[in-house]
Structure formats: C-alpha cells, structure tokens
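Reading the structure
Each chain, written out:
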Amino acid sequence: MAQPANQEAPGSGTRQSETLAPPAGHGEHEGFFKKYLFSTDHKAIAKQYLFTGMFMGLIGAFMAYTFRFQLAFPGSHVPGFGVVSPNEYNALVTNHGSIMVFWVAMPVLIAAFGNYLIPLMLGCDDMAFPRLNRLSYQVFFLSVVVLLISLFVPGGGFGGAWTAYPPLSSKAEYSLTPLGSTLWLVAVALEFVAFLIGGINFVTTTMNSRAPGMKLYDIPIVVWMIVIASLVFMASVGPLVAGAVMLLFDQLFGTAFYDPARGGDPLLWQHLFWFFGHPEVYVVLLPACGIVAEVITVFSRKKLFGYKTVLYTAIATGIVSFFVWAHHQFVAGIDPRMANVFTATTVIISLPVAEMVFVLVATLYGGSIKLTTPMLWALAFIAEFIIGGVTGLFLGASGSDIYLHDTYFVLAHFHYTFVPIAIIAVFAGLTYWFPKMFGRHMNETLGKIHFWGTIIPFNSIFIPLFLLGLAGQHRRIYSYEGFPELARPELQQLRIIATVSLIVMLCFQLVFLFNFVRSMFRGRIAERNPWKANTLEWVAASPPPHGNFETMPTVYRGPYEYSVPNRDEDYWPQNQPA
Amino acid sequence: MKPIATTRSATGIPTGRLAVWWLIASEIVIFGGLLASYVMHRIGHAEFGDYAAHTNTWAGAFNTLVLLTSSLSAVLAHEAAEKGQGPRAARMLLFTILGGAVFLIVKSFEWTAEIRAGYTLATNMFWSFYYTAAGLHALHVIAGMVAMAFVARDAFSNRELQRVELVGNYWHFVDIVWIFLFPLLYIAK
Amino acid sequence: MTGRYPTAASSYAGDIDGLILFIAALVFFWGILVEVVFFGFIFKFREKKGRKAEYVTGEEKRQKRWITIPHALVFVCDILIIVAAVRVWVDVKQTLPTPDATVRVISQQWAWTFVHPGPDGALDTADDITTVDELHLEVGKTYHYELESKDVVHSLSIPAFRLKQDAVPGRTIRGWFRPIREGTYDLQCAEICGIGHGLMPAIVKVESAAQHARWMDEAGRSALAAAPRPRAR
Ligand code: HEA
Ligand code: HEA
Ligand code: CUA
Ligand SMILES: [Cu+2]
C-alpha cells in the first residue's frame with residue numbers, strides 16, 4: 001500500500017548478477033495493479049497477507065466484542081450489532097474462532113512474516129517460485145471472500161463451532177444453516193490449499209536459495225521456525241483435507257461417512273480434525289517463538305542461548321505434536337484406555353516447550369536489555385505464554401479434564417496461548433520489522449501506550465474466564481440465565497469484568513491503528529539497520545526494492561554474534577567479512 | 001526472468017525437483033488420510049467384501065496395466081529429455097497423456113455401468129469410499145495430463161526440458177496411488 | 001477453592017478436585033519460579049551506560065546445565081502429574097463398580113430424557129419412569145448411566161459431580177457415578193449441538209431414600225395414568 005518516498009536505494013537494475021541470473025529488469029515500471037494486486041514480489045505478497053490478516057483480525061475482534069457483550073448483558077441491544085439471537089451467537093463464536101486461527105494467526109504469522117523474511121534473511125531476491133507464491137495469496141483471498149459470503153447467506157453463517165463436529169455439521173436438518181456450513185467448509189479447504197502451496201515454496205526456498213556461505217546453522221531461528229511449522233502443517237493437514245472432502249460429500253451428496261445411522265462414524269471426523277488441530281497450535285506457536293527469539297537477541301545484545309537446542313526442541317515439539325491429538329477427546333466416547341496413552345504424550349510435550357521457554361529466559365542472562373516497544377511485546381509473550389502453557393497441563397491430565405473439558409477453563413487456556421502468539425508476538429514482529437517494511441519508524445510513546453493498554457486488559461479479560469471455567473461454566477452458551485448455578489450475580493460480575501476489559505482493550509487498538517497508518521507516511525525515516533541487528537534483511541535498503549539487495553550478500557557467520565569479546569561494535573552482521 | 005532464488009541450489013538438488021517432491025509428500029498424506037479411514041472401516045465391516053464383489057476387477061486390472069505403461073513412457077520421455085531430444089520427449093509425454101485418457105475412458109464406462117446397476121455415491125459406505133477415492137485419484141490423473149500437455153508443448157521446442165522429469169515424477173506418484181487403490185477397492189473382496 | 005466453585009456432590013468429585021490442586025501446586029511453583037527469574041533478569045540486566053553484554057553461547061555443557069537441570073526436574077513433575085491423572089481417570093472412567101441402579105439418559109436437540117428404573121430397579125419394564133430435563137437420584141447409591149443421542153453429539157455434564165461424557169449418536173456409552181450430597185444441581189449440555197445448545201439445561205435432584213421413594217411413588221402413579229410405553233430395544 002504505502003510506498004514511502006524515501007527510496008534511498010538505487011533501482012534494482014544495478015544489482016550485480018550472480019551466476020546464471022539474468023539481469024533483473026523487473027520492479028521498475030510496473031503499473032499500480034501489477035505492483036499491488038498481481039505482484040510476484042515476495043514483499044508485496046507479504047503485505048497483502050498482512051493487511052488481509054489484520055482486516056480479518058478486526059472482524060474477529062468485532063465478533064468477540066459482540067458475543068462478549070451478549071454474555072455480560074444477555075438479551076440487550078449490542079451497540080453496532082443489535083440483539084444477538086442464539087443462532088447468531090453460535091455463528092459468531094464459530095466464525096470468531098475460525099477467523100482468528102485460519103485467517104489471522106496463519107496468514108500473519110506464517111504467510112506474512114514467512115514471505116517477508118525468508119528471502120531477505122536468506123539473502124536472495126525472491127521466493128524460489130514467485131508465481132506460485134502469488135497463486136497462494138490468490139487462493140487465500142478467494143477463501144476470505146467465500147468465508148465472508150458465508151456469513152450473510154440465508155440461514156446465517158455456520159454455527160457448529162470451529163471444530164465442526166458432525167453430524168451437526170454434516171446435515172442441514174441439524175444445523176439449520178445449509179449454505180453457511182458448506183461455504184464455511186469450502187473456505188477452510190481453500191485456505192488449506194493456499195497454505196500448502198505457500199509451504200512448499202517456503203521449504204524449497206530455504207533448502208536451496210540460501211546466500212553463499214550460509215550453512216544450516218547460520219539460518220536465523222525465525223526462518224527455521226516458519227519452515228518447521230510449514231512442514232508440520234503439511235504433514236498434519238492432509239488427512240483433514242480428505243476428511244473435509246468426505247464432510248462436503250455428506251453435506252451435498254448424501255453420503256454417510258459421518259452418519260452413524262448408515263454405517264458412518266462421527267468420531268472419525270474428530271480424529272481427523274484433531275490430528276490436524278493439535279499440530280496446528282504448534283504451527284502458530286513456533287513462528288511466534290522465532291519472532292520473539294529475534295527480537296530478544298537484538299534488544300538484549302545477546303547471542304541466542306543454545307541455538308541448536310532451540311532448533312532441536314522445535315523439531316521435537318513438531319514431532320511429538322502428532323501423538324497427542326486425542327487429549328481433545330478424552331470424554332468424547334473414545335475407548336477410555338486410550339486416554340492414558342494420550343495423557344502421557346500430552347504432559348510430556350511440556351518438556352520441549354518448557355525448554356524453549358527456558359532458552360528464551362536464559363538468553364536474557366548477562367544481556368544489556370533495552371525496553372523498546374518490540375522488546376516489551378517479546379517479553380510479554382514469554383510472561384503470558386507461560387500461563388497459557390502450564391494451564392494446558394490441567395487439561396492434559398485426563399482425570400481433571402473430565403471436569404474442565406469444554407469449560408471456560410479450556411477457553412482461557414487457549415486464549416492465553418493464542419493471544420500471545422497471534423496478537424502479542426505479532427505486534428513484536430510488526431513493530432520490530434516496521435522500519436524495514438515501510439522505511440519509517442513507528443512512534444515509541446504511542447507504541448508503549450498501546451502495549452500497556454493491551455496487556456493489562458488482556459489479563460483482566462481472561463483471568464475472570466479461568467475462574468468462570470472452574471465454576472463449571474460451559475462454552476458456546478449464549479446466555480446462562482437458564483442455569484441456576486451459573487446465573488448467580490457474583491459470576492455475572494466476572495463476565496462483566498471480562499467484557500468491559502475487552503472493550504477497553506479494543507479502544508487501545510485504535511492507538512495502534514493510528515500509529516501504524518500515520519507512521520507509514522509520516523514516521524521518522526529509518527536507516528537501513530536502525531536496531532544494529534545482524535541478520536541479512538538489515539543489509540537491504542529500507543524498504544527493500546524489488547530484488548532486495550544491490551549486491552547479493554555472502555554470509556560469514558551465524559545470526560546472533562552480539563557483544564563478541566574484543567570487538568568495538570557490539571554486533572557483527574552476517575555478511576561482514578571477518 | 002527467473003529470480004536468483006530459483007537458480008540457486010544449496011542442496012545440490014534442482015529447486016524444481018525439490019518442489020515436486022514436497023508436493024508429492026503433501027499429497028501422500030491426503031491420500032493416506034483417506035485410505036486409512038477406508039481401511040479402518042473395512043476392518044470393522046466384513047460386508048464391504050460383498051459390495052466390492054460388484055466392482056469390475058478386469059477393468060481395474062486393465063487400467064493398472066495402462067497406467068504402468070504410461071509411466072514407462074514417462075520414463076522414456078525423461079530419458080529423451082536428458083539427451084536433449086525435446087521433440088522425442090514431447091512425443092513420449094503425449095503417449096503418456098494418451099494412457100491417462102484411456103484410463104479415464106475405461107473408468108467412465110465402469111462408473112456408468114455401476115451407477116446403472118444402482119451403486120451410487122450414496123448407496124453405502126463402501127461405494128462412498130469407492131467413488132471418493134477413485135474420483136480424487138481421477139482428478140489427479142487429469143491434473144497430471146494437463147501439466148504434461150504444457151510441458152510437452154515447451155519440450156517440442158526444446159525449452160524447459162528439466163520439467164519433463166518433474167511431471168514424470170508426479171505421474172509416477174499418481175500411478176502408485178492407483179497401485180494402492182486397486183487392491184483396496186477391487187481385490188479385497 | 002472459592003465459594004464460586006461448585007459443591008462436590010459425587011463420590012469422585014473430591015478426587016478430581018484433589019488432582020486439580022496437586023497439578024496447581026506443581027505448576028504454580030514452576031510458573032512463579034520461571035516468572036521470578038525472568039523478571040529478575042529483566043531488572044538486573046537492563047541497559048546501563050558503559051556495560052557491554054556478556055557473550056554466552058549456551059552450547060557448552062557448563063552453561064547448558066542451567067537448562068538441563070530444570071528440564072530434568074520438569075520431567076519428574078511430568079511423571080508425577082501423569083501418575084496422578086491416570087489414577088483418577090482409571091477410577092472414574094475405566095472401572096464400572098457394580099451398580100445399585102441404572103438410568104438411561106437420552107439426549108436430543110434440545111432436551112434430555114431420563115429413564116429411571118422405577119420401583120423394580122430394572123430398566124425396560126412397565127414401571128419405568130420417564131422424565132424430561134429432570135433427573136432424580138437417591139443419595140449414596142451407585143448408578144450406571146447409559147448415554148445415548150438421537151441426533152447430534154451432545155455432552156452430559158454435571159459440574160457438581162465433576163462428571164462429563166459426550167453422547168455420540170449410534171453408540172451407547174456406559175459410565176457411573178455415586179451422588180453423596182443431597183441437593184439440586186445443574187445439568188448442562190457441554191457440546192455444541194445447534195441453535196438450542198444454550199437452551200438445554202436440566203436439573204439433577206439428589207434425594208434422600210425417603211424422598212426418592214415418595215417421588216417414585218407419585219411419578220409412578222401419574223406415569224401409569226399417562227402410560228409412557230417403555231422404549232422398545
Ligand atoms: C497455540 C495454541 C496452543 C498451545 C501452545 C497449547 C499448548 C498446550 N495445550 Fe492446548 N489448546 C489450544 C491451543 C493451544 N494449546 C486450543 C485452541 C484448545 C481448544 C480447542 C477447542 O476445543 O476449541 C486447546 C485445548 C487443549 C486441551 C483439550 C482440553 C479440552 O477440550 O478438554 C488440552 C488437553 O490436554 C491441551 C493441552 C495443552 C498442553 C499440555 C500444551 C503444552 O504445549 C503447553 C506446554 C507449555 C508449558 C508447560 C509451559 C512452559 C513450561 C514451564 C514454565 C515449566 C513448568 C512445567 C511443568 C512443571 C510441566 N490444550
Ligand atoms: C488466534 C486465536 C484467537 C484470538 C486472538 C482470540 C481473541 C479473543 N477471543 Fe477467542 N476464540 C478462539 C480463538 C481466538 N480468540 C477460538 C478458536 C475460539 C473457539 C471457537 C469455538 O468455540 O468454536 C474462541 C472463542 C472465544 C470465546 C468463547 C465463546 C463461547 O464459547 O461462548 C470467547 C469468549 O469470551 C472469546 C473471546 C476472545 C476475546 C475477548 C479475544 C480478544 O483477545 C480479542 C482482541 C482482539 C484484538 C486485540 C485484535 C485486534 C486486531 C487488530 C488491532 C488488527 C491488527 C491485527 C494484528 C496485529 C494481527 N473467544
Ligand atoms: Cu446438546 Cu449442546
Ligand atoms: Cu491439543
């Protein structure tokens with residue numbers, strides 16, 4: 001969108017040509033449409049993903065506002081929406097969850113950061129397959145359109161939860177949203193296709209297109225994380241794609257894959273969904289950890305504590321994540337003996353994740369910590385994610401999950417993981433790479449106001465929800481007035497605290513949006529390497545032109561050589577000869 | 001006008017080949033999920049065997065043969081491409097496409113007969129799996145044929161010959177999927 | 001925990017609460033420890049003029065110790081959690097003590113039907129008592145439940161019993177509970193089941209033997225008048 005005027009870099013035409021590479025002629029005289037809508041430039045595609053994700057984030061947030069308002073003040077007129085009926089409530093919750101996971105977390109963390117960072121950090125000019133990359137975004141865009149249409153068709157949007165358990169999701173007579181369910185499913189399937197295409201591109205680019213001299217252990221952690229996440233995604237989503245086809249056929253052609261009356265099995269879908277669904281949470285966790293690792297090393301001027309440890313724990317997390325799925329189904333009617341196996345694997349997965357947390361904390365040791373806005377976000381990620389992580393153990397323990405399953409305790413658990421990942425870490429990344437993306441700085445004061453205005457209400461939204469969960473409050477219920485134990489005023493008070501906090505938090509997002517848009521055009525001009533960081537993206541101009549580098553960089557060392565003894569500078573860019 | 005990124009090869013494997021392998025890997029899990037679901041049901045339902053008796057094993061076997069032959073010509077196309085004989089490679093690819101077409105024609109006759117006999121997608125679980133799995137596979141056959149048509153066009157004028165191998169690899173994958181489908185759907189009676 | 005926490009009205013509610021507390025103790029210890037170290041580092045190593053950060057790779061054994069030792073301790077805690085969890089689980093879900101009575105719970109969009117065995121203590125006999133959205137139990141008795149669904153997935157949840165079990169169409173799922181405290185408790189549907197999912201409340205009445213007998217008597221008489229046929233099996 002915004003292309004600040006300070007194009008300090010000369011046109012990409014002056015780039016030195018590497019072996020075989022034809023002189024770059026692209027990037028110069030492209031028309032507006034070509035440049036912004038049909039560009040194959042990885043940075044343009046990254047921004048398209050970013051802005052689409054942010055736009056969807058606002059929709060998802062609006063939905064959260066609407067149904068939280070209904071929960072705090074049941075039956076009242078929600079400003080900006082109206083009275084929420086039970087089926088509207090279900091549709092709002094379902095689509096809030098789907099949007100936040102599939103159309104905010106995935107596009108922003110994987111696609112936007114992946115597209116932006118991978119070629120720049122690897123020191124090449126684009127993705128290995130630029131046109132495939134554009135296709136990925138186009139498919140994704142289509143999925144957005146289909147999803148948004150699904151909200152407004154007759155019968156209303158799909159309301160069977162983001163997990164879409166059949167038979168509710170497979171038969172229109174049960175869900176009463178014939179068109180909504182189908183369009184929702186199609187949208188999700190298209191989104192999967194987009195990320196499969198994108199993932200293939202990420203993986204091949206990282207394997208093959210690294211700058212000369214960049215060995216495997218010289219790759220910045222965030223790139224590793226995005227690649228591992230793409231692989232985990234690729235390996236876990238396949239069965240669900242097959243499952244989605246079966247569900248679609250059940251909806252449209254009357255097959256009986258999930259219909260027990262005719263030989264099908266509803267639990268099959270649950271297994272396929274969670275075989276994907278659980279790895280999926282680590283698909284978004286890993287890139288977030290990667291972003292946080294980059295930010296923390298730069299602003300504490302420290303080498304990452306145990307680069308290889310981080311890499312191996314990430315791989316271990318990815319692998320173990322394939323063996324825990326049934327912890328979502330402890331009480332779903334599976335053989336109870338299976339629960340014991342899945343309890344063990346689930347609790348064990350805390351080991352690699354804990355290791356990741358320990359490494360990030362240990363990196364701070366002996367550092368020279370500068371609390372800039374991106375650093376605040378990165379630190380907040382760690383502080384908050386620990387809470388989300390450890391509450392997972394109550395759920396992983398099969399015995400206590402009997403009580404906690406499908407209560408707001410689960411809900412608070414995963415918002416304490418998802419919000420740090422999809423909101424907090426994303427803000428860390430956005431504020432950190434903003435100067436590179438737009439060539440200008442964001443305002444620090446506004447950034448800090450936004451930070452505190454988000455973090456404090458975030459906790460006061462979800463701590464009450466933990467308490468409500470312990471009180472036995474179930475999910476996806478539009479009004480608790482029918483349940484004497486839950487309708488008590490002291491519990492209603494907690495709901496009101498959560499909702500009011502949400503409204504406060506959303507108001508503070510306006511500060512961010514203002515800061516973001518204003519800084520794109522008016523912010524202080526950024527130099528190439530404002531944070532004095534080592535990785536290759538800071539070698540390119542801010543913002544980098546099409547083709548990225550004037551001279552293709554060569555790599556001499558790992559990405560985290562900060563504060564190396566006997567050097568004047570406390571950083572040592574990867575491309576600087578010794 | 002390929003970007004430098006496409007031409008680099010840190011692993012020593014050409015980027016295109018790498019991408020096709022990853023594509024195949026991602027497809028394997030899709031078919032894997034579908035076939036695993038089928039096998040789970042198959043084990044639990046002995047009556048699937050009776051339903052499977054209504055499939056046309058001879059047609060399936062013939063189709064297996066057709067696909068294997070077409071894979072062979074894909075290999076020959078690759079060989080020709082290696083030697084730089086673009087037009088020959090293109091002709092071999094066209095032969096492979098022909099194989100795909102024969103496969104689809106035989107399939108359509110099979111399906112017509114089965115649907116006439118009253119076995120449709122929604123008849124029972126076996127037939128649902130049968131049509132879904134074979135249908136998904138047929139879509140891949142079509143996709144492979146389209147891709148090969150494009151590659152063959154380029155190969156005629158000796159352009160992008162490395163792609164001959166890539167579509168070939170993809171075609172072998174499609175072939176192998178069928179090798180799994182055939183016994184699971186036709187023979188296991 | 002707090003007054004907000006529902007009463008423990010079944011024999012195993014206390015075990016589940018105990019498990020939650022046990023995990024809480026371990027996890028709070030670790031959570032707080034990590035947070036304290038974390039904030040301590042942020043404070044101690046904040047930027048100061050003239051001080052350069054240290055160069056620690058974290059690759060050497062001596063340094064790695066700071067990670068591997070906590071890691072091993074976390075592993076020990078993991079084992080403890082697994083053992084504790086499995087013990088409770090096996091008791092609640094994997095074993096079926098001999099019942100005093102069996103109730104059938106049938107869920108559908110959007111109501112609960114409960115079939116009580118009636119005075120003869122057996123289901124599927126003429127004196128079965130069928131109720132809607134109201135389950136009557138006798139305190140201190142061990143019940144089996146047979147959970148069924150007529151349409152979509154529902155979930156039988158009685159927070160006061162710490163009991164939850166999904167009802168899956170096409171299956172009959174067996175489980176057990178033993179109410180130990182008289183009172184009226186919420187019964188909720190815990191799995192989304194369509195538009196009326198929020199409108200599926202029911203109540204559980206745990207009654208003393210005398211009360212229960214009286215209810216059975218009254219209900220039996222009115223039921224005979226309305227003649228609800230026992231469900232054909
Ligand atoms: C990105 C998101 C994310 C992440 C990272 C996690 C991480 C974990 N999750 Fe969570 N989870 C979700 C998102 C996530 N989850 C979602 C969305 C759902 C609900 C879906 C739905 O139903 O709609 C869910 C539901 C869910 C359930 C099912 C609950 C139910 O429905 O009944 C379970 C059960 O085992 C579980 C467990 C865990 C565990 C053990 C971890 C572990 O990975 C956590 C490991 C981390 C730590 C443990 C913290 C760091 C460690 C230390 C500080 C050291 C101290 C530790 C010990 C003493 C062990 N999660
Ligand atoms: C990434 C995932 C994610 C995120 C971020 C959120 C964010 C929030 N969620 Fe959501 N939620 C889910 C995933 C997520 N949720 C899922 C999976 C479900 C389950 C659905 C189901 O049951 O089927 C759920 C369900 C759910 C419920 C349960 C409803 C019910 O069961 O009845 C509630 C209730 O309070 C809730 C509340 C909130 C609130 C208050 C926020 C707030 O934190 C929102 C605040 C929003 C913002 C702060 C974003 C502002 C955006 C911008 C400023 C644009 C810039 C964007 C970027 C930088 C990306 N969520
Ligand atoms: Cu029945 Cu929810
Ligand atoms: Cu999980």
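Residues numbered from 1 in each chain as written. Chains lettered and ligands numbered in written order. Predicted model: local features only at pLDDT ≥ 70, side-chain atom pairs only at ≥ 80, totals over all residues. Heavy atoms only, no water.

**Brief notes about the arrangement of the chains**
Formally: By definition, residues are in contact when any of their heavy atoms lie within 4.5 Å.
In this assembly, two pairs of chains are in contact, and the pair with the greatest number of contacts comprises chains A and C. There is a clear gap between chain B and chain C: no contact, and 15 Å between their nearest C-alpha atoms.

**A word on helix α6 (residues 125–156) of chain B**
All names here are of chain B. Put simply, the test is: Numbered from the N terminus, helices here are DSSP runs of H or I no shorter than four residues, and strands are runs of E no shorter than two. Any helix carries an expected span of 1.5 Å times its number of residues minus one. Accessible area is worked out with a 1.4 Å probe on protein chains only. A residue is then buried under 20% of its type maximum, exposed over 50%, and partly exposed in between. Nitrogen and oxygen atoms within 3.5 Å of one another constitute a polar contact, given that in protein one can donate a hydrogen and the other can accept it, and given that sequence-neighbouring residues count only through two side-chain atoms.
Its 32 residues place the ends of α6 46 Å apart at the C-alpha level, agreeing with the 46 Å of an ideal helix rising 1.5 Å per residue. The element α6 is extensively covered by neighbouring structure, given that 23 of its 32 residues are classed as buried. Taking the backbone nitrogen of Phe 126 as reference, a side-chain oxygen 3.0 Å away marks Asn 124 as the first, capping residue of α6. Just beyond α6, the residue with positive phi is Asn 158, at close to 60°.

**Describing the packing of helix α8 (residues 266–300) of chain A against helix α11 (residues 350–364) of chain A**
Residues and elements named next belong to chain A. Test applied: The axes are straight lines fitted to the C-alpha atoms, using for helices just the contacting stretch, and the angles between their N-to-C directions are given from 0 to 180°. For classification, angles of less than 35 degrees are called roughly parallel, those exceeding 145 degrees roughly antiparallel, those between 65 and 115 degrees roughly perpendicular, and all remaining angles oblique. Here a crossing is called left-handed whenever its near helix is offset anticlockwise from the far helix by less than a right angle, and right-handed whenever the offset is clockwise. Three residue categories are used. Nonpolar comprises Ala, Val, Leu, Ile, Met, Phe, Trp, Tyr, Cys and Pro, charged comprises Asp, Glu, Lys and Arg, and polar comprises the others, including Gly.
Their axes nearest at 9 Å, the elements α8 and α11 cross at an angle of 10°. The pairing of α8 with α11 is recorded here as roughly parallel in orientation. As for the relative orientation of α8 and α11, their crossing is left-handed in sense. Seen from α8, the contacting residues are Tyr 282, Leu 285, Leu 286, Cys 289, Val 292, Ala 293, Ile 296, Thr 297 and Ser 300; seen from α11, they are Val 353, Met 356, Leu 360, Thr 363 and Leu 364. Its residues assigned to classes, the contact of α8 with α11 comprises 11 nonpolar, three polar and no charged.

**With respect to the site of ligand 1**
All names here are of chain A. Stated precisely, the cut-off is as follows: The cutoff for a nearby residue is simple: one of its non-hydrogen atoms must lie within 4 Å of the molecule or strand.
Taken together, 35 residues sit near ligand 1, with Trp 162, Tyr 282, Asp 401, His 405 and His 413 positioned nearest. In the model, an oxygen atom of ligand 1 is placed 3.0 Å from a nitrogen or oxygen of the Gly 396 main chain. Between ligand 1 and His 405 there is a distance of 2.6 Å, counted from an oxygen atom to a side-chain nitrogen or oxygen. Considering every element that reaches the shell around ligand 1, the biggest residue donor is helix α12 (residues 373–396), with eight residues. Partitioning the shell around ligand 1 into residue classes produces 21 nonpolar, 10 polar and four charged.

**Side note on the interface of chain B and chain A**
To keep things clear, this is the line we draw: Values labelled buried area give the accessible surface lost by two parts on being combined, using a 1.4 Å probe and summing over both. For this analysis, a salt bridge means a side-chain nitrogen from Lys or Arg found within 4 Å of a carboxyl oxygen belonging to Asp or Glu.
On the side of chain A, 46 residues touch chain B, which itself brings 33 residues to the contact. Carbon and sulfur atoms supply 72% of the area that chain B and chain A bury against each other, a total of about 3,200 Å² over both sides. Contact with chain A buries surface across chain B, with B:Ile4, B:Arg8 and B:Trp22 losing the most and accounting together for 22% of the total. In this structure, the connection of chain B to chain A is made through zero salt bridges.

**A look at the site of ligand 2**
Residues and elements named next belong to chain A. In the neighbourhood of ligand 2, 33 residues make up the surrounding shell, with Arg 68, Tyr 89, His 96, His 415 and Arg 476 lying closest. Within the side chain of Tyr 89, a nitrogen or oxygen atom sits 2.4 Å from an oxygen atom of ligand 2. Arg 476 places a side-chain nitrogen or oxygen 2.6 Å from an oxygen atom of ligand 2. Looking at which element gives the most residues to the shell around ligand 2, the answer is helix α14 (residues 408–438), with 10 residues. Its residues placed into classes, the shell around ligand 2 shows 26 nonpolar, four polar and three charged.

**Observations concerning the coordination of the copper ion (ligand 4)**
Residue and element names in this part refer to chain A. Applicable threshold: Coordinating donors are taken as N, O and S atoms within 2.8 Å of the metal, stretched to 3.2 Å for Na, K and Ca; because water is absent from the atoms, sites can appear incomplete.
On the protein side, the copper ion (ligand 4) has His 278 (ND1), His 327 (NE2) and His 328 (NE2) as donor atoms, found 1.8 to 2.1 Å from it. Read in sequence order, the donor residues for the copper ion (ligand 4) give the motif H-x48-H-H. Here His 328 falls in the partly exposed class, since its relative accessible area comes to 22%.

**Observations concerning the nonpolar core**
Here is the rule we go by: Nine residue types can take part in a nonpolar core, namely buried Ala, Val, Leu, Ile, Met, Phe, Trp, Tyr and Cys, and a core is a set of them joined through side-chain atoms within 4.5 Å. Source of the domain bounds: an automatic or database domain assignment.
Core analysis: the largest hydrophobic core is formed by 328 residues, its most contacted members being A:Trp103, A:Phe381, A:Ile382, A:Phe516, C:Trp112 and C:Phe161. Here this core spans two domains, and each of domain 1 (13–94) and domain 2 (101–226) of chain C adds at least three residues to it. Aside from chain neighbours lying at most four places away, what touches A:Ile382 is A:Val292, A:Ile296, A:Val357, A:Leu360, A:Val361 and C:Phe38.

**Observations regarding the domain arrangement of chain C**
All names here are of chain C. Split into domains, chain C comes out as domain 1 (13–94) and domain 2 (101–226). Summarising the inter-unit geometry, the C-alpha centres of domain 1 and domain 2 are found 42 Å apart. Across the domain 1 to domain 2 interface the summed buried area is about 490 Å²; carbon plus sulfur atoms make up 42%. In terms of surface lost to domain 2, no three residues of domain 1 exceed Ala 13, Val 92 and Lys 93, which account for 63% of the buried area on that side. Between domain 1 and domain 2 we count one salt bridge in total. Note that Arg 162 is salt-bridged to Asp 17, the shortest N-O span being 2.7 Å. Taken together, the connections running from domain 1 to domain 2 amount to five residue pairs in polar contact (both at pLDDT 80 or more). Sorting the residues of the side of domain 1 that touches domain 2 by element identifies α1 (13–44) and α2 (61–94) as the ones contributing at least two each. Taken together, the residues of the side of domain 1 that touches domain 2 sort by class into three nonpolar, no polar and three charged.

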